[in-house]
Amino acid sequence: MSKTTKKKDSQKKNREKKDTRPSWDEYFIEIAKVVAQRATCDRGRSGCVIVRDNQILVTGYVGSPKGLPHCDEVGHQLKTVTHEDGSQSQHCMRTTHAEQNAIVQAAKLGITINGATLYCKMTPCSTCAKMIINAGIKRVVCEKKYHQGKETEELFKQAKISLEYFDQSVEKYPHQ
């Protein structure tokens, strides 16, 4: 094979990669990452997109409740939680999670999210999982796993909610 033929094959492959549209899941995960840029807590900066029939219904990101100070302004309000197995983890209590903010936004705007798909950075916490179940969301797609996500995985399994990951690794952030 000549150098010219190899170069043309390489160029064709590059063109094909550029021309390949992302899947819907890839597309909405990327949008969730952009939404996360608005987050006001630098621990696990997270965004969420709720979608039905490939249409965005609402978004949410990590931040303090409206009108209250943000972590970026006054620092974190960390709480250490001791789990049943004796392990400990730290959680910022100043903020509302991206999933919570998206669900609340839907309620505020009167948008039904029953039967929708939720896209987020990592496995939702157990409190968010319970809200997701009660909101009627049927599928959750995460970029990565959450270090305390086992309870959520079990809740979703019991509730028959599909939980999918792009990457099986655990999301790392300060003060886990």
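Here, every reference points to the structure presented above.
Since this is a predicted model, take the numbers as computed values, not measurements.

A. Representation of the packing of helix H5 (residues 126-135) against helix H6 (residues 150-159) in the model. At a closest axis distance of 9 Å, the pairing of H5 and H6 adopts a crossing angle of 15°. On the basis of their axis angle, the class for H5 and H6 is roughly parallel. Of the two elements, H5 crosses H6, and the hand of that crossing is right-handed. Side by side, H5 and H6 meet where Ser126, Ala129, Lys130, Ile132 and Ile133 of the first sit next to Glu151, Thr152, Leu155, Phe156 and Ala159 of the second. For the contact of H5 with H6, the class distribution of residues is six nonpolar, two polar and two charged.

B. Here's a closer look at the nonpolar core. Counting 26 residues, the largest nonpolar core has Ile50, Ile113, Leu118, Ile132, Ile137 and Val140 as the members making the most contacts within it. When residues of this core are traced back to their parent elements, those giving at least two are strand S1 (47-52), helix H4 (98-109), strand S5 (117-122), H5, strand S6 (139-144) and H6. It is H4 that provides the largest number of residues to this core, a total of four residues. Apart from the residues lying within four places of it in its own chain, the contact partners of Ile132 are Glu99, Ile103, Leu118, Pro124, Ile137, Val140, Phe156 and Ile161. The next biggest cluster of nonpolar side chains, apart from the first, holds nine residues, and it includes Ile29, Val51, Tyr119 and Val141.

C. Focus on the sheet that holds strand S2 (residues 55-61). If you trace the five strands from one edge of the open sheet to the other, you get S2-S1-S5-S6-S7, paired in mixed fashion. At either margin of the open sheet sits one strand with a lone partner, and together these are S2 and strand S7 (162-165). Along the sheet, successive strands turn relative to each other by an average axial angle of 20°, direction set aside. Where helix H2 (residues 24-36) meets the sheet, it contacts S1, S2, S5, S6 and S7, and its direction lies at approximately 140° from that of S1. Sitting on the sheet, H4 is in contact with S1, S2 and S5, with an inclination near 125° to S2.

Cut-offs and rules
- Residues numbered from 1 in each chain as written.
- Predicted model: local features only at pLDDT ≥ 70, side-chain atom pairs only at ≥ 80, totals over all residues.
- Heavy atoms only, no water.
- Axes fitted to C-alpha atoms, helices over the stretch in contact; angles between N-to-C directions.
- Helix = DSSP H or I, 4+ residues; strand = E, 2+ residues; numbered from the N terminus.
- Parallel < 35°, antiparallel > 145°, perpendicular 65-115°, else oblique.
- Left-handed = near helix turned anticlockwise from the far one by under 90°.
- Contact = heavy atoms within 4.5 Å.
- Nonpolar A, V, L, I, M, F, W, Y, C, P; charged D, E, K, R; others polar.
- Core = buried A, V, L, I, M, F, W, Y, C linked by side-chain atoms within 4.5 Å.
- Buried < 20%, exposed > 50% of the residue type's maximum accessible area, 1.4 Å probe, protein only.
- Pairing = 2+ DSSP bridges.

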